[in-house]
Amino acid sequence: MPLADADHDLVVDELGREPTRAEEHLFENLWSEHCAYRSSRMLLSNFESGGEHVEIGPGDDAAVVRVPGTDTLLTFGIESHNHPSYVDPYDGAATGIGGIVRDTLSMGAYPIALADSLYFGPFDREHSRYLFEGVVEGISDYGNAIGVPTVAGSVAFEESHVGNPLVNVACVGKTTPERLVTAEAQAAGNRLVLLGNATGRDGLGGASFASEDLAEDAETEDRPAVQVGDPYSEKLLIECNEALLDEDLIESARDLGAAGLGGASSELVAKGGFGADIDLEAVHTREPGMNATEILLAESQERMCYEVAPENVERVAEIAERFDLGCSDIGEVTEGNYVCEFEGETVVDAPAAYLADGAPLNDLGRKAPAAPERDLPEFDLAEAFEAVVADPTAASKEWVYRQYDHEVGLRTAVEPGDDAAVLALHGAGDADDEHAIALSSGANPHWTDCDPEAGARAVAVENATNLAAKGATPLAAVDCLNGGNPEDPETYDGFAAAVDGLAGTCADLSVPVVGGNVSLYNDSETGPVAPTPTLAVLGTKSGYDAPAATVSGEGDLVLVEPAEWVAGSGIGSDDPHALGGSLLLSQFGGSDRFPAVPADPGALVDALGRVAGLDSTFATHDVSDGGLAVALAELVTDEAGVDADLAEARALFSEAPGRVVVETTDADALRDAVGDDAAVTELGTATADGALSLSVGEESIVVDAGEIGELRDVLARELD
Amino acid sequence: MTVSVVQFGGSNCDRDAVRALDRVGVDAERVWHEDGLPADSEGIVLPGGFSYGDYLRAGAMAAHSPVMDEVRAAAEDGTPVLGVCNGAQIGSESRLTPGAFTTNRSARFQCEDVYLRVENAETPWTDAYDEGDVIELPIAHGEGRFEIDDAAYEQLVDDDRVLFRYCDADGNVTDAANPNGSKGNVAGILGERENVAVLMPHPERAALAELGGSTDGQGVLEGFA
């Protein structure tokens, strides 16, 4: 009996009879945490998801926002593929890409950018490296083959992720109002067409598997629940989808992901207030002898469910044939129940809305943590600088993004390795306008481990700051909320606090959170992951060029930071130099409260955007992992250096969010531009010597670009 | 002139090629491989991507598709043919050009900018440059290591059919500047006649000035002008 007893009783009440085996499995998967958000839906209402530019908010396959002043629509979505990536890192990560790209297709959009945020256990563990290499290779092989550039993302290595890596993938698509499609069935009598790969016995029960803790033997026992990706079919599906849109043949669409055909088809008709009659024997299958439950729930990849007007079914089949894709007319949209027939029997007959929305919410307890004590370690400047700059979380990610095709599509104007990616939106608005988008994605589990709420606030500020530093204005965000077992009150409290913090600061930033994903039960025998609220923020800007992330050597260096700081939570500090959550403490031990966060992040981000737009701004670089120590080191090149002076070491290593180092040739103009919305602190000057000269109180160090490069090259050095 | 950019299943630089060719004033259109070449095609691009998923060997399946018979015939008639990245692999697999492109020395996919030294500036594809010029183009491939037997390599060099070699910023052809382990740092070559060229780097990705990077790829694309 796969369905929990309480759920079983509800289903019996609703149906007035015992569910069939197929129904039992369908309810189990659709009512799983992964599909039904039973432990998180009540928290998600905290997010403000509407706004002037939001066309479609949460609840569809992807959200849709309008590029201000144009007819260009952008789809935006994010997905986790955490459990599969632990069991089989290569295929788990690859199919994560496939899923979020199909979410883009089903809105009638062409995918133009991917961002991946990845979290692993400590880099010095062999198993973390195995997972890391496998995940990156899976993303590389799949994303590169389908021709969608991977332009942004993040990688963090943190203790609590040792038994549970996280793979969060966001995708941006581009479309027009005429081509836009939704996942809401339009009319009874239309046909349901299943298009793409044949259905096999792969990925059975993936949704329910993703809703449990990982057992010790998960790598062997759960492998059948992980799907295998075929990027060639996905690329054909992308092109086929375009061809179907060209001829206006799609009434509505939903990609097949968690819970397979049963999930996609029932959700599609439920959203339109309809039912369906589906003939499971009409599904094109890869292997003989599949039973109804297998056909209904297999998570075979690269499949789409389209609602098609009866007169267009033949043309859809012809186009599928042209792209060597399978195509089955599997049933009809009806006014009745969601009904599936197999071998002359009715194997499912239930209200679609009940399948989609009937799962009751979990009632969960919370237990708040205590504030961390201040217990700071002893360290000397040179030693601390080297350890933090060479920390794998702060180190260069070139080893990663070099394996991703980040240029296909001819849009990439600011490449990975900078604060945010900037991409050209060819053909948006007037021909002469250079409409661009900017993308940043990430979370910092060290921060949220220290203080879930303040850390999550910092994640929101950090991603918005990344955009602003490159001159972009945030437009919308999607979140991927990862946490441990919600049935544990402390774990759930951390998760809920992170959601509160993220929602609160996104609202303060006036950035609507238009979609998201929740992944709970990220527990293993080593315990739950720290709450990890990945936020991907999409922005727009006019013009493709942005200040460099390295100094030119010609200007002065200033730090643009919040005008006023506040404690980000009940356990957070109001001191911006507090060291909680920092890589310094992760390297040297000790504890502290999480630093202060900006009192008015919206005004701050606006001010940072104005600074980036000044002609006298030569370089901008956001301060995040490793604090100013890492930001200053990253500004140095063989040709240009940095000479900076700080009052105390805490200021060098604190990771308080919302700060940008700026190289300017006109500090007065910069001060005028920020007004009262930000504070400006002098740091020193850019130099022509290719070295970082740093004075902190009584201590000073000089590190040249070559030494910095060596420290930052740790991933490539260890893995190649 | 209308250039046909042949789209195989799995091609993914076809749209980019059309956009970049348009930028240098060359009219181009995408042609689905099963539809065959239009009668009026006056040039052919085999674009980058992963034709047929590159599941056998990169370019191997596409080389056997019927449209390649048309491409070979057109090439023999003197129609300009340019293979880029996967298109270079297809060109090599279909014997339009000698040698083979195989797994990078790193055994990983590499997406990065490289420097190339122009070895022969007396071809339509390199007419925009001078011999010895150093240009900057991006690469994005996992199987770009050029291999060929020694005798054929000597012949290729003697016939002046090497177009580009990987080099450092100063034009030195060194092992350190060889991103994938290609024999002789070879990045691009001519077919038996100069109307056919293949290269692993992407000239179409260095053609749009507004993106802020190199525009050195325009010269190669002007081979169609």
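Because the structure is a prediction, the values reported are computed rather than measured.

About the thresholds
Residues numbered from 1 in each chain as written. Chains lettered and ligands numbered in written order. Predicted model: local features only at pLDDT ≥ 70, side-chain atom pairs only at ≥ 80, totals over all residues. Heavy atoms only, no water. UniProt positions renumbered as here; feature names shortened; annotations may be inferred. Contact = heavy atoms within 4.5 Å. Helix = DSSP H or I, 4+ residues; strand = E, 2+ residues; numbered from the N terminus. Buried < 20%, exposed > 50% of the residue type's maximum accessible area, 1.4 Å probe, protein only. Polar contact = N/O pair within 3.5 Å; in protein donor to acceptor, adjacent residues only side chain to side chain. Salt bridge = Lys/Arg side-chain N within 4 Å of Asp/Glu carboxyl O.

A. Structural context of the UniProt feature "binding site: Mg(2+) 2" (unreviewed entry) in chain A. Residues and elements named next belong to chain A. The UniProt record annotates "binding site: Mg(2+) 2" (unreviewed entry) at D103 and D255. In three dimensions, the annotated residues from a span of 153 residues occupy one location, with a maximal C-alpha spread of 6.0 Å. Those residues in contact with D103 that sit more than four places away from it in its chain are D61, A62, E79 and D255. Inspection of the secondary structure puts D255 in strand β8 (residues 252-255).

B. Local environment of the side chain of D61 of chain A. Residues and elements named next belong to chain A. One can find D61 in the loop between β1 (54-56) and β2 (63-66). D61 gets classed as buried once you look at its relative accessible area, which sits at 10%. Among the polar contacts listed, one links the side chain of D61 to the backbone nitrogen of D255, at a separation of 3.1 Å. Excluding anything up to four places from it in sequence, D61 contacts D103, S106, M107, A253, R254 and D255.

C. Region of the structure containing the UniProt feature "active site" (unreviewed entry) in chain B. Residue and element names in this part refer to chain B. Those places that UniProt annotates as "active site" (unreviewed entry) correspond, in this numbering, to C85, H202 and E204. Across 120 residues in sequence, these annotated residues keep their C-alpha atoms within 10.9 Å of one another, forming a single compact spot. Within the fold, C85 resides in the loop between β4 (81-84) and α3 (86-93). Setting aside its immediate chain neighbours within four residues, C85 contacts G48, A140, H141, L199, M200 and H202. A residue is classified by how much of its surface remains accessible, and H202, at 1% relative accessible area, is buried. With residues up to four places along the chain from it excluded, the contact list for H202 reads C13, V84, C85, L137, P138, I139 and A140.

D. Expanded view of the pattern of salt bridges. Tallied over the entire structure, the rule returns 48 salt bridges over all chains. Measuring nitrogen to oxygen at the nearest pair gives 3.3 Å for the salt bridge that ties R254 of chain A to E267 of chain A. Here R254 of chain A, found in strand β8, pairs with E267 of chain A, found in helix α11 (residues 260-271); they are 13 residues apart in sequence, far enough to count as distant. Judged by relative accessible area, which is 21%, E267 of chain A ranks as partly exposed. Bridged by salt links that share partners, the residues E133, R402 and D720 of chain A together with R108 and E112 of chain B form one connected network.

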